[in-house]
Every structure is written in structure tokens, then in C-alpha cells.
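# Descriptive structure summary
Residue strings, one per chain:
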Amino acid sequence: MKNYLFVLFLIISGQIAFSQSSPDPLTVQKIMRDPKWMGTSPSAPYWSSDSKYLFFGWNPEKNISDSAYYISKDNYTPQKASFGFQHAVIRAWNASYNNSRTAYTFSKDGDIFVTDIKSGKQKRVTQTNEEESDPVFSFDDTKIVYSRNQNLYAWDIATGLVVQLTDFRRGHQPKTENRDTLNKEEKWLTNEALENSEVLQSRKEKRDMADSFNKTHKEPEPIKPIYIGDERLNNVTISPDGKYITYRLMKFPKDAKHTIVPDYVTESGYTEDIPGRTKVGSPQLTTECYVFDTGKDSSFKINTDQIPGITDVPGYLKYYPSNDSTKKKSPMREVTINGPIWSPKGAYAVVDIHAHDNKDRWLMLLDAATGKLKLLDRQHDEAWIGGPGIGYLFGGGTGISGWINENTFWYQSEEATGYSHLYKTDVVTGEKTALTSGKYEVQQAQLSADKKYFYIITNEVHPGEQQFYKLPVNGGKAERITTMTGGNEVSISPDEKQIAILYSYTNKPTELYVQENKPGGKLTQITHLAMSDEFKSYKWQDPEVIAFTARDGAQVYARLYRPSVESPAKPGVLFVHGAGYLQDAHKWWSYYFREFMFNNMLADNGYTVMDVDYRGSAGYGRDWRTGIYRHMGGKDLDDEVDAAKYMAAKLGVNPKHIGMYGGSYGGFMTLMALFTAPDVFAAGAAIRSVTDWSHYNHGYTSDILNEPFTDSMAYKQSSPIYFANGLKGHLLMLHGMVDQNVHFQDIVRLTQRLIELGKDNWELAVYPMEDHGFVEPSSWTDEYKRIFKLFETTLK
């Protein structure tokens, strides 16, 4: 009896101790509160131009939004920056240096300034009511050129004289009356009128004499006006020697139809229309690039017919033999010319050209005197051009590139290896050299001020890590500078002696660190409030990043959350990240932090959870990125189905108790899973889902599926609305009614389709005041309460 009482005492004592030390279980209500309960992470660090201060956004006081904080070289304790102090400091990214890096110029409050680095002396260049911006050194560093009302002006450093360099004007050049332009009838009438009136003859004689005198003695205009018609001007740049000015004219389509998004819950009490976007395939803006020769006071258009392969037709047209454009002369493709990027002294200029059909990128040498183009590098992809540092992904801009010296240009490309790597080209000889190689990506690159090194961030260590390196400019072995496992987002001080690191790990939100910019450099943690005491009281899982083999032999990476308790039903859930081109099976703090917490909660309730970087995800090179070309819901969904089979075969999950959830692209994937693989997935929650890709935007969709009227097959095999008849399991759809990205119309059209098909076991939850990214904790809570209930009632 004594032994029994002693054992009972130990059991009760253990339960009391456990209840005192163990936190309350996770609930949807807890994890979907305002994220401030978790702690506060720093964001958006930037250095002052003199490298003395590091600023960042932070909210340790839990205010409505972040405030500006800073540290100094001498004091690493974060201090709140007053508006006046923050405003007085020049941001490093706002400074433009001369070639010798002895001075920099910048804009502030709409005026231009220049600073001598050695003395620290600052000089005001302009003080006007109009806004001046974008100052650069030009004319061999003797002048500072800046923009005012989209025209360029030059300030002479020695004399202070300001000269206007361009005179862009809207509209067309006024027509001058000229007898030579009259037709036969007009000439006859003019002659006849003069013959019959001496007064007309006299007045004409006086007018002609006055015109001749004025023309002889009139002061010439400093520069000739450049008329741009009805087009929009942008990208006005000047060469380092001041000889050439380039500019781009954009023509916006007048017949592009835009959508509207009805807003039902408004202050006015009336339904209000929010102006929306166009849909894929709508007419797009076109551009033309011009060169203005300042010496000749004249400009000309850069002709695109000299671009190699400009009339090539895309490969997918072979699937449409009745419309085979290869049987007739193909028109020139539309392109956008970005740049030019001038060599330091202005001897050479490179333009970065992108085809509007997303199949080609050309780096070409521009002869600014003649407009002739010479090919340096062509990157072609039958799917679409993209990847880190390359640009153009989903309608983006120019890639990351620049000059090592007057003859050597550097850039990134996937063309040779399938992974984004660094290259350099001698523009005189055409010799091309790879500076990095391997089955990893160079995700960021920056040339050092002395042009002897590259600073790069890669995932060479592991696809799910980001590490910072120093690489000799001629290639060779890169020195690793960061050491912490996870994600290291680096900002380099202007003097390149220090780096600011936004560091995070799988289950540890972002904190700010500062390190000496060298291998083994001293590392100091600056912030310590990313995790509140309440957040730290729960033991968050550090999900394993695993790899499983897909049906085609590819290795697919995923995060794995193992169940904390055993459930007799042995359920499994797949979380599908959104954005398509995004990575989530990594070792840093996830953009999907709410889903990270929800997955922990599912594991606490007996679920095995996997978060898969399916085909189309970022971080794994070109072939992985373009694996969804012309068929979204194809190989990417195969990866999810193979993950479900892996869960059943290797992780003990009941194959009849597997569900899926995700938002945006993840919602689309959930719909495709339940419609086209209904025997694999018993339930799914589709959040803010694309249901028909022909109703989404142009930039993202046309890269992957081309255009609906030229590649209808791609759209039909990729859109869930065409497969809704396959629904067998339980489907929960959730959508914000003021979603300006994936419009509410998408889910309404699918709902009508399900009604017409007579489908059961589905429901729709709507959120009248939410856009694509929910903001209200009450909406997040309601959404995930419904998802959790779906899984609890259908997978157990």
C-alpha cells in the first residue's frame, strides 16, 4: 500500500510539475492573433553613405507600425532615430560616385548636393521649387547631370554654370507654312489671289522681308526641342563623356480592357468599384529606344531588326499546325531595350534587351554614334527567361550586371549550366569566361568598389541555405564570410568593412547582426526581441528538410513536421506554398510564418505534415523553375502526389487520410489535386485560388502558359474549372471579396460550375473586407478554424 501511494504521489507530482512548466496547447485563436504577440523583427537595413550609421525598421514598443532605429560604429545599442536625424543622414543607396570615388552626389528634398569624401564638405548644387533628382557625374567627371521635369541639366563643378541638355516636349512639331508643301490646287489659288490684288502682293512682300530679317538676326535656341508625341518618356540617361543621351518612349494601348473589383463594405454605404488590372493576352505597352547625339543635336531610333533571332517563332506553335507561322515570313517580335549600361569612361555601352514573348534575352553592344548593335550574349529558353540576377521573371526589369573595367562586362545567365552563374565578357575580343559554376544558384552579386572582388550570396552549401562569399573578380575559390546555418540577407557598408545581416533559422524569426566583412570576422547580435517570452514558451518544431524521389527520378525537397502525438487515424497533410516561383523547404524563417505555426498545431494533433518545393519553385535552377511550362498542375502536382505516396510508404500515414491546403498558387494546386487526383486526397482547403488562368494577369501567366488565343491547350490543361467534375473528396474554398490579385470572380465562376455539376461535399467561405493578403486577425482566425475543422472531421 505504501508503494502504491508513493507511486501515486510521483504521478500526481509529475502532472502538477508538467502543468506548471508546459505552455497552453496551440490553438488557431492563439497563433492567428496580431503577429506582434510573437515578438518584433528588424527589417530593411541601410547604411549611411559614410558607413558610420546603420538604420533599420523595428518595433520593440509594439506600436501600430515600425519606427526607424539605428546603431553607430561606436555604439551597437539600438536607438530610435528622430525624424530630423534620419532625414539629415545620406543613405548609401542614394549616393552616386565619380570614377575616382573621391566625391559623391545625391538628391534630397528635391535638390541636388555633392560631397567631397576626404573633407566631408557638402555643397548644395540646386535650390529650386521644382524637384531635381537622379544626379550622376558626367563629362569625364567635370559636371553633375541631373533630371528636372524629365529633362537633363548639367552643373559645371568648376564654374557653377548650369546648362539645359534636353528639351522634351509633348505633342508633335508645329508645322510651318511652306509654299513647297501646297498641292496643285492650293498653288493655283494662291497665285491667282496675288495676281488680282496689289494689297496682297504688298503685304506678302513686307512679310517675307520681316521673316528674312528675323531669321538672320534671331538668337538660335540653345537646344533643339525633341517632340515625343502622345507617348510617355522614361529612362533618360547620359553617357559618362556627355556625348550621348538615351531615352525610351512608351506607348500604352488604348483598347486594353480593365477589370473592376466591387467593394461591398464601405464607409459610404454604397458598393464602390475598385479599378482593376487587365487579363492575360490583353494589349501590352510597346517601347522604342532613342539616342540623342548632343554634338549633332539630333536623335534617332535604335532599330530592332538587327537583333539576331528577332523573327524566331516559339516552339509551342508546332502543336498548332494549322496556324504554323514557320510556313510564312514571321513578324519581328516586340522587345524592350533596357539601359544602356555605360563603361566607366563611356567608350562602350551595353543594352539589355528582352523579348515580350519571354523567350529571349540579348546583351548587345550599342554603337551610340550609329545605333548599330553587336551581340555579346543571347539567352534563349523555349519556356521563359528568368532566374536570380537575370530579370524578366513575370514581366520584371533588367538583370544585374555592370563593368569590371573599360573592356570587361559582367552579368548572370542560366544558359550554359541551367543555374544562374556569374560570367564576364571582353567586349573587344568577345571572349566569355564563367566565374562560378556548379549545381547551385548565385542569388545576389555586387562588385566591390575597387573592382577586385564580387560579393555574392549563393545556396551552394544547401538549396535551403543562403551564405555570403567574397569571390576574386577573375574567378577562383570564393571565401565564405557568413557562418550561421539558415538564411543570411546581407547589406554591405559603403566602405565595405562591415556587413549587416538579417539572419533567421527555420524556427527562429529574423534578428539583426553586424559582422566584420572578412572570413572569421567578429559577429555581433544587435537585436534580441524577435521572439517574445510567450512565443519562446512553446517548443516549436525544427522541421527536417528532407528529399524524396519523384516518379521521374528527380529529388524533391520538403519540410517535414512529425506528429507529436500518435493518432489512430494516422492522418497526413500537405501544405502547398504560393507564388509558384517561391521556396519554402529552406532553413530560414518562412514568409508563411502563420502556416508554420499551424503546421506545428497539426503535428500536436497527430498529423504528419509536409511542405514541398514542387516543380516551379525557386532555388533549384532553370529546369526546376520551368518544369511547369504549358502545364500548371502537371509535374508540380505529380510532386505533391508523390509526396503523399512517400508519406504513406515511409512515414506511416494512412493513404486514405491525406489532405492538402494552400493559398494563391497553393489554392490552385489544391483544386487541381481534388479534381484530378481525387483518390489520393480526401480533403482540401483552397485559399484565394486561381480557377481559370485565362482570367489572371499578363506578366505572370504569359511567361508560363503563353497567351490564351495562341496556346489554348496550355490554358485548358492548367485551369481547375475544366476538371471540376472530378471532385470526390471534401472541398473547402476560401476567398477575399476585394481580392485585387486573384479576383473574387474566379471563385464565383467555379462555384457556379460546381452547382451545375451537382457536386456535394464542398463549401465556400467569403471574407468581404479582405484583399489577396489577409490583414485582419479575425479573418485569419475564421479561415483556419474552418480548415482545422475540415481536417479533423474528414481525415480522422
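Bear in mind that the values here come from a model prediction, so they are computed numbers and not experimental data.

## Description of the packing of helix α9 (residues 635-650) against helix α10 (residues 665-676)
Remark: α9 packs on α10, axes separated minimally by 10 Å, with the N-to-C direction vectors making an angle of 70°. Relative to α10, α9 is oriented roughly perpendicular. Contacts between α9 and α10 involve Asp 636, Leu 637 and Glu 640 from the former and Tyr 665, Phe 668, Met 669, Met 672, Ala 673 and Thr 676 from the latter. Here the contact of α9 with α10 is built from residues that sort into 6 nonpolar, 1 polar and 2 charged.

## Topic: the packing of aromatic side chains
Aromatic rings in a pair are described by how distant their centres are and how their planes are angled relative to each other. The final tally for this structure, using the stated rule, is 52 aromatic pairs. A centroid spacing of 5.9 Å and a plane angle of 85° characterise the contact between Tyr 503 and Tyr 513, whose relative ring orientation is edge-to-face. With Tyr 503 in strand β34 (residues 498-505) and Tyr 513 in strand β35 (residues 508-516), the pair connects residues that are 10 residues apart, well separated along the chain. Tyr 513 carries the same exposure label as Tyr 503, and that label is buried. Following the ring pairs from residue to residue traces out a cluster consisting of Phe 575, Tyr 591, Tyr 592, Phe 598, Tyr 607, Tyr 661, Tyr 767, Phe 774, Trp 780, Tyr 784 and Phe 791. Over the ring of Phe 113 we find Lys 108, and its NZ or CZ is 5.8 Å from the ring centre. The lysine or arginine in question, Arg 148, covers the ring of Tyr 153, its NZ or CZ lying 4.6 Å from the ring centre.

## Looking at the pairing of strand β15 (residues 232-238)
Across 5 bridges, the pairing between β15 and strand β16 (residues 244-251) is antiparallel. Looking at β16, one finds that Ile 238 is bridged to Ile 245. The turn joining β15 and β16, which pair antiparallel and follow one another in sequence, is formed by 5 residues; a positive phi near 80° is taken by Gly 242.

## Here we look at helix α11 (residues 698-705)
Counting buried positions along α11 yields 7 of 8 residues, so the element is predominantly enclosed. On its buried side, α11 packs onto α10 and α12 (712-718). Capping of α11 at its N-terminal end is provided by Asn 697; its side-chain oxygen lies 3.1 Å from the backbone amide nitrogen of Tyr 700. Positioned one or two residues after α11, Asn 706 has a phi angle of 65°, which is positive.

## Some words on empty space enclosed by the protein
Applying the stated criterion across every chain, the model contains 2 cavities of 30 Å³ or more. The calculated volume of the largest cavity comes to roughly 60 Å³. Taken together, Gln 379, His 380, Asp 381, Trp 384, Ile 385, Gly 386, Ile 390, Glu 414, Glu 415, Arg 622 and Arg 625 form the lining of the largest cavity. A breakdown of the residues in the lining of the largest cavity according to their chemical character gives 3 nonpolar, 3 polar and 5 charged. Trp 47, Ser 51, Lys 52, Tyr 53, Leu 54, Ile 71, Ser 72, Lys 73, Tyr 76, Gln 498 and Val 514 are the residues that line the second largest cavity. Only β2 (53-58) and β3 (67-72) provide two or more residues apiece to the lining of the second largest cavity. Looking at side-chain class alone, the lining of the second largest cavity contains 6 nonpolar, 3 polar and 2 charged residues.

## A few points about the sheet that holds strand β19 (residues 286-293)
Across the sheet, which stays open at both edges, the 4 strands sit in the order β15-β16-β19-β20 with antiparallel pairing between neighbours. Each edge of the open sheet carries a strand with a single partner, namely β15 and β20 (298-301). Neighbouring strand axes in the sheet, compared pairwise and without regard to direction, differ in orientation by 25° on average. By the bridge criterion, 8 bridges tie β16 to β19 in an arrangement that is antiparallel. The residue bridging Ile 245 from the neighbouring strand is Phe 292, located in β19.

## Digging into the side chain of Thr 482
Among the secondary structure elements, Thr 482 is positioned in the loop between β32 (479-480) and β33 (487-492). At 2.6 Å, the side chain of Thr 482 forms a polar contact with the side chain of Gln 467.

## Focus on a nonpolar patch on the surface
On the surface, Tyr 264, Val 265 and Met 769 cluster together to form a nonpolar patch covering roughly 310 Å² of accessible area. Tracing the sequence through the fold places Met 769 in the loop between β44 (762-767) and α14 (777-794). Assessed through its relative accessible area of 57%, Met 769 is described here as exposed.

## Re the pairing of strand β27 (residues 421-426)
Where burial is concerned, most of β27 is hidden: 5 out of the 6 residues are buried. Relative to strand β28 (residues 432-434), β27 runs antiparallel, the two being bridged by 3 bridges. Considered in β28, the bridge of Thr 425 is made with Lys 432. With antiparallel pairing between neighbouring strands as the criterion, β27 and β28 make up a hairpin whose turn holds 5 residues, including Gly 430 at a positive phi of roughly 85°.

## Topic: the nonpolar core
Counting 62 residues, the largest nonpolar core has Met 610, Phe 681 and Trp 693 as the members making the most contacts within it. If one sorts the elements of this core by residue count, α10 sits on top with 8 residues. If we ignore the near neighbours within four places in the chain, the residues touching Phe 681 are Leu 574, Glu 640, Val 641, Ala 644, Ile 658, Gly 659, Met 660, Ala 673 and Leu 674.

## Details of helix α13 (residues 744-757)
Think of an α-helix as turning once every 3.6 residues; residues three or four places apart then point the same way. The terminal C-alpha atoms of α13 lie 20 Å apart, and with 14 residues this matches the ideal 20 Å at 1.5 Å per residue to within 8%. If you check which residues of α13 are buried, you get Phe 744, Asp 746, Ile 747, Leu 750, Thr 751 and Leu 754. Within α13, the buried residues cover an arc of 150° as seen down the axis, which keeps them to one side. One or two residues past the end of α13 sits Gly 758, with phi positive at roughly 70°.

## So, the environment of Lys 108
Within the secondary structure, Lys 108 sits in strand β6 (residues 103-108). The spatial distance from the C-alpha of Lys 108 to the C-alpha of Glu 132 is 8.7 Å, given a sequence separation of 24 residues. For Lys 108, the residues in contact, after removing those within four places along its chain, are His 87, Ala 88, Ile 90 and Phe 113.

The rules behind these values
- Residues numbered from 1 in each chain as written.
- Predicted model: local features only at pLDDT ≥ 70, side-chain atom pairs only at ≥ 80, totals over all residues.
- Heavy atoms only, no water.
- Axes fitted to C-alpha atoms, helices over the stretch in contact; angles between N-to-C directions.
- Helix = DSSP H or I, 4+ residues; strand = E, 2+ residues; numbered from the N terminus.
- Parallel < 35°, antiparallel > 145°, perpendicular 65-115°, else oblique.
- Contact = heavy atoms within 4.5 Å.
- Nonpolar A, V, L, I, M, F, W, Y, C, P; charged D, E, K, R; others polar.
- Phe/Tyr/Trp six-rings, centres within 6.5 Å; stacked < 30°, edge-to-face > 60°.
- Buried < 20%, exposed > 50% of the residue type's maximum accessible area, 1.4 Å probe, protein only.
- Lys NZ or Arg CZ within 6 Å of the ring centre and 35° of its normal.
- Pairing = 2+ DSSP bridges.
- Polar contact = N/O pair within 3.5 Å; in protein donor to acceptor, adjacent residues only side chain to side chain.
- 1 Å grid on protein atoms, 1.4 Å probe; cavity = no way out; pocket = protein on both sides within 12 Å on 5 of 7 lines; lining within 4 Å.
- Points joined across faces, edges and corners; volume = space filled by probe spheres on them.
- Patch = residues over 30% accessible without salt bridge, like charges linked within 9 Å, V, L, I, M, F, W, Y side chains within 5 Å.
- Areas by Shrake-Rupley, 256 points an atom, 1.4 Å probe, with all protein chains shown as cover.
- Salt bridge = Lys/Arg side-chain N within 4 Å of Asp/Glu carboxyl O.
- Core = buried A, V, L, I, M, F, W, Y, C linked by side-chain atoms within 4.5 Å.
- Expected span 1.5 Å × (residues − 1).
- Arc of directions from axis to C-beta.

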